[in-house]
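If you want the building blocks of each chain, they are given just below.
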Amino acid sequence: MSRWIPSPREAAVAIALVVAAIGFGRFVHRFYEIEAWLFWRLAFYWVASALWSGACFAVGHRIVRPRLRLPFYAHAAVAFATGVLVFGVAVFVAGALSLYRAPLFLGLPAVFLLVGGRGPWRYLADRWRRLSRLRRRLPLTETAFHLALVAFGLLGLGMLYFLILTPDNVAYDARWKHLALAEDFAITGGIRRFPEGWTFATRPHFASYLYTWAFLAPGRLFDHIEVAAHLEFVAFALTCWLGVPAVVRALLPKERIGWSVWAARFAFPGVFVYDSTLGCGADHIAAVFAAPVLVLLYRAWRDLDRGAILILALQLGAVVLVKYTAAILLATIPMAALGLRASWLIGRRARREGLGAARGPLTSLGLGLGLLLLVTTPLWLKNLLLYGDPLYPVLHAHFDSRPWMDRASYAFEQGYLAMRMWRPSRDLAGVKATLASLYEFSFYPNDWINHHGEVPVFGSLFTLLIPALLITRRRPWRLWGAVALVELALLPWYWLNHQDRYLQAFMPWMAGATAAMVIVLWRHHGRLVKAAVVGLVALQIVWGGDAYFFQTQVFIGSPQKWTLGLLEGGYRGSRERRFETQAPWPELGAVLPEGARVVLHDADRHLGLGRQAVMDVVPWQFGIDYGAQKTPAEMHALFASVGATHVFWPPSRRYGTENLAADLMFFDFVHNRAVDRRDFEFGTLVRISDQPDTRAFDDSTLAITCGEPLATGLYRAHDFWITSYGAGEQPYPKPREAFASDVEAMAALEDAHFAITQPRCVQALMGPAAEAFDWAVRRSHGNAGGAIFDIWVRRAELPRRASR
């Protein structure tokens, strides 16, 4: 009987099982509604991730295969990375055309799969059959060894996956840059200009384009973040499975290399620790292109193969689009190396065969550079059109950058460029520290001290194996080349911005080189060396074994605990509340009307707001300077120039980079000139009135202090429009009218619109006139020398409050 036509007995058994399943489902439904199971959400995230990764590989295969023949793992890694690049650029183009709508979520991958056709899947099926035959020929002991390595790697992946199951695991930067940008683009319907000149919107943010696609998915904020987190996880897993084996095989082309070498990635336990772990950032997206860059560099190194150069240009362009730090690690050193190699090869060919023989390689290099420039247009051309500066704000001296406030150049030099906390001093000691980092980078953490302190968690096998490689009898030049690339990349990393998380971008190089060094030592030495290798590797693994449990996540401490809470939420009855995330921003967004654009004053993390945001923190924007405004009407015009409809500010933030004039003008406006005030536990929201307040404005300011660094007396608010940070920091001005005592100063309060007190010696305003003032903020600026000031604003006769 045909297997599709069951016998009566088989049909009866099947019916019995179906009835049992239905009955059991109806029974458990009473305790936990089936439609509310977390399983359905996780299944959707995996379907979306599979659709995305399949679409990327399909298009990448279609581009790479006709132009370049590579071994399987190298081809798969290069094809996937190429597809990721094309997918991100396609999302960018859709955003430029304002096409961010729900249909794009399914439509874009569907188009990619149609373009890819059947070729990619036939290729994978053919390679799977070949690999299956090879695996059957392996000895039992070798098979068991490979299975143990795979189990180790899968354990690491599983541990990472457990972390991303809660959307509250997303990193600090994702909450105000990577995911916040994606949310903004999605609600806008396309890529928009940030009129305040927010610099993080003008930097490379390729990862945000990928995450924007995730925010077009059906569902709520929880689902959008989880789709984005699953994209990053799948990208990381494929980088391990394809990229690391591709690197090892490129470094040891004459050795038999098993797929299980990808597990070497987890010999570096720093990937489990915040903030080098998965958190919807950009570093692990950059790592997608690391292995292709190295593999294609070696392929082009031999004879400047045109296909290899062109595909390499795509990978280098993608790295530039992801982030500047990744470009420094993954692009500059390979480009310089290839340039030197090309000069030597072209010169040799020209000497031997004449100048005409050099035309082909020169043409290939020219095409590669042109393609690199074309690929990076989503960065420089977008910035040129929207901000007048292809690398806004970096080239403001050569382009008509916009916006560009009066003191923007100073803010750029003394704020934007000077705020680099992770770099050595620019002297001989800094040079020595940079050179020492070539060996010490994995032993001394380069991270926030409140994360894991001075405990080395990065992983040191790469560093520790180099001395043994120096004296081994095997010296594969490709392996030495990879080690040299890693070491050379460490120099600009340490000199410019040496946080550990930035090294995640080129971890496929480091993990691949580490695996290759272990293979060389294991296969070409005796038992004593093998025993030493086992001991060293085991020591690293055991030492890093507890890094996974460090409670260093800056917002929630332990993501594992939050994931457990999510998983047990169905049992505990908090089934709907467990999907709430990123508080308090969704609550704020819920009271804002559609189309609102809110200025976030002294606030950065705003993922979940669900509305367009304007960031006013100096020096991350160059279009807003409150202190330069002299009247409320000018303040109103400033807010209108950035399209703001509302302003939100959190409870008192002690430190400010702007000056006192900025604080005075801002808090006068939001207290006295805005309307529809709503007070929350986490801050205050006001609406900007439709018409400016054009009444006469008196900015007289009374300061009652301890005498230093600000003297007691009468000032004008604009007197405090001074430089409060950097090399040009200015002292506070002298008062226009000085007072001999606090009592005398308090008597002048009746004629002042603002008051500044120093709580160390003046606790509050005194006298009948004090009733007319509202406390606004407690502040310490750079030129305060550590002194704390309270700022008070006189209440204007305007209806303004609608308390919540």
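As shown above, the structure is provided for reference.
Cut-offs and rules
- Residues numbered from 1 in each chain as written.
- Predicted model: local features only at pLDDT ≥ 70, side-chain atom pairs only at ≥ 80, totals over all residues.
- Heavy atoms only, no water.
- Helix = DSSP H or I, 4+ residues; strand = E, 2+ residues; numbered from the N terminus.
- Rg over C-alpha atoms; globule rule 2.2 N^0.38 Å.
- Contact = heavy atoms within 4.5 Å.
- Areas by Shrake-Rupley, 256 points an atom, 1.4 Å probe, with all protein chains shown as cover.
- Lys, Arg positive; Asp, Glu negative; His and termini not counted.
- Charge placed at Lys NZ, Arg CZ, Asp CG, Glu CD.
- Expected span 1.5 Å × (residues − 1).
- Buried < 20%, exposed > 50% of the residue type's maximum accessible area, 1.4 Å probe, protein only.
- Core = buried A, V, L, I, M, F, W, Y, C linked by side-chain atoms within 4.5 Å.
- Disulfide = S-S within 2.5 Å.
- Pairing = 2+ DSSP bridges.
- Axes fitted to C-alpha atoms, helices over the stretch in contact; angles between N-to-C directions.
- Parallel < 35°, antiparallel > 145°, perpendicular 65-115°, else oblique.
- Left-handed = near helix turned anticlockwise from the far one by under 90°.
- Nonpolar A, V, L, I, M, F, W, Y, C, P; charged D, E, K, R; others polar.

Details of the overall build of the chain
A count of helical and extended segments in the chain gives 28 helices and twelve strands. Relative to a compact globule of 804 residues, whose C-alpha radius of gyration would be 28 Å, the chain shows 30 Å and is just as compact. Along the three orthogonal principal directions, the C-alpha set of the chain runs to about 95 × 85 × 50 Å. Contacts in the chain between residues at least 24 apart in sequence constitute 73% of all its contacts with a sequence separation of at least 6. Carbon together with sulfur atoms contributes 62% to the accessible area of the chain, which is approximately 35,000 Å² in total. When the 81 basic and 62 acidic side-chain charges of the chain are each reduced to a single mean position, those positions are 18 Å apart.

Observations regarding helix α3 (residues 72-96)
With 25 residues, α3 should reach 36 Å at 1.5 Å per residue; the first-to-last C-alpha distance of 36 Å fits that figure. Burial of α3 is extensive: 20 of the 25 residues sit out of reach of the surface. Once α3 ends, the next one or two residues include S98, with phi positive near 55°.

Remarks on the nonpolar core
By size, the foremost hydrophobic cluster in this structure holds 198 residues, and its most contacted members are W52, L179, L251, F289, F462 and F506. Per-element accounting of this core gives the leading share, 21 residues, to helix α9 (residues 221-251). With residues up to four places along the chain from it excluded, the contact list for L251 reads L294, Y298, P476, R478, L479, A482, G512, A513 and A516. Counting residues in each nonpolar core, the second largest holds 42 residues, with A662, F667, A703 and L710 among its members.

What to know about the state of the cysteines
Across all of its chains, the model carries one disulfide by this definition. A sulfur-sulfur distance of 2.1 Å marks the disulfide that ties C706 to C761. An S-S torsion of about -115° defines the bridge between C706 and C761 as left-handed. With C706 in the loop between β7 (700-704) and β8 (713-716) and C761 in the loop between β10 (754-757) and β11 (773-781), this pair connects stretches of sequence that are 55 residues apart. According to the relative accessible area criterion, C706 is partly exposed, its value standing at 31%.

Section: the sheet that holds strand β3 (residues 646-649)
A sheet is described by the order of its strands in space; here five strands give the open sequence β2-β1-β3-β6-β5, paired in mixed fashion. Strand pairing shows two members of the sheet lacking a second neighbour, β2 (612-615) and β5 (675-680), which therefore form its edges. Direction aside, neighbouring strands of the sheet carry axes that sit 20° apart on average. Inspection of the sheet shows β3 paired to strand β6 (residues 683-687) by four bridges, in the antiparallel sense. Opposite F648, over in β6, you have L685 as the bridge partner. Along the sheet, helix α27 (residues 660-673) makes contact with β3, β5 and β6, crossing β3 at roughly 115°.

Some points on the packing of helix α13 (residues 324-353) against helix α14 (residues 359-375)
It is at 10 Å that the axes of α13 and α14 come closest, and there the two elements cross at 155°. With respect to each other, α13 and α14 are oriented roughly antiparallel. For the element pair α13 and α14, the recorded crossing hand is left-handed. For the pair α13 and α14, the contacting residues are M335, A342, I346 and R349 in the first and P361, L362, L365 and L372 in the second. Here the residues of the contact of α13 with α14 sort into seven nonpolar, no polar and one charged.

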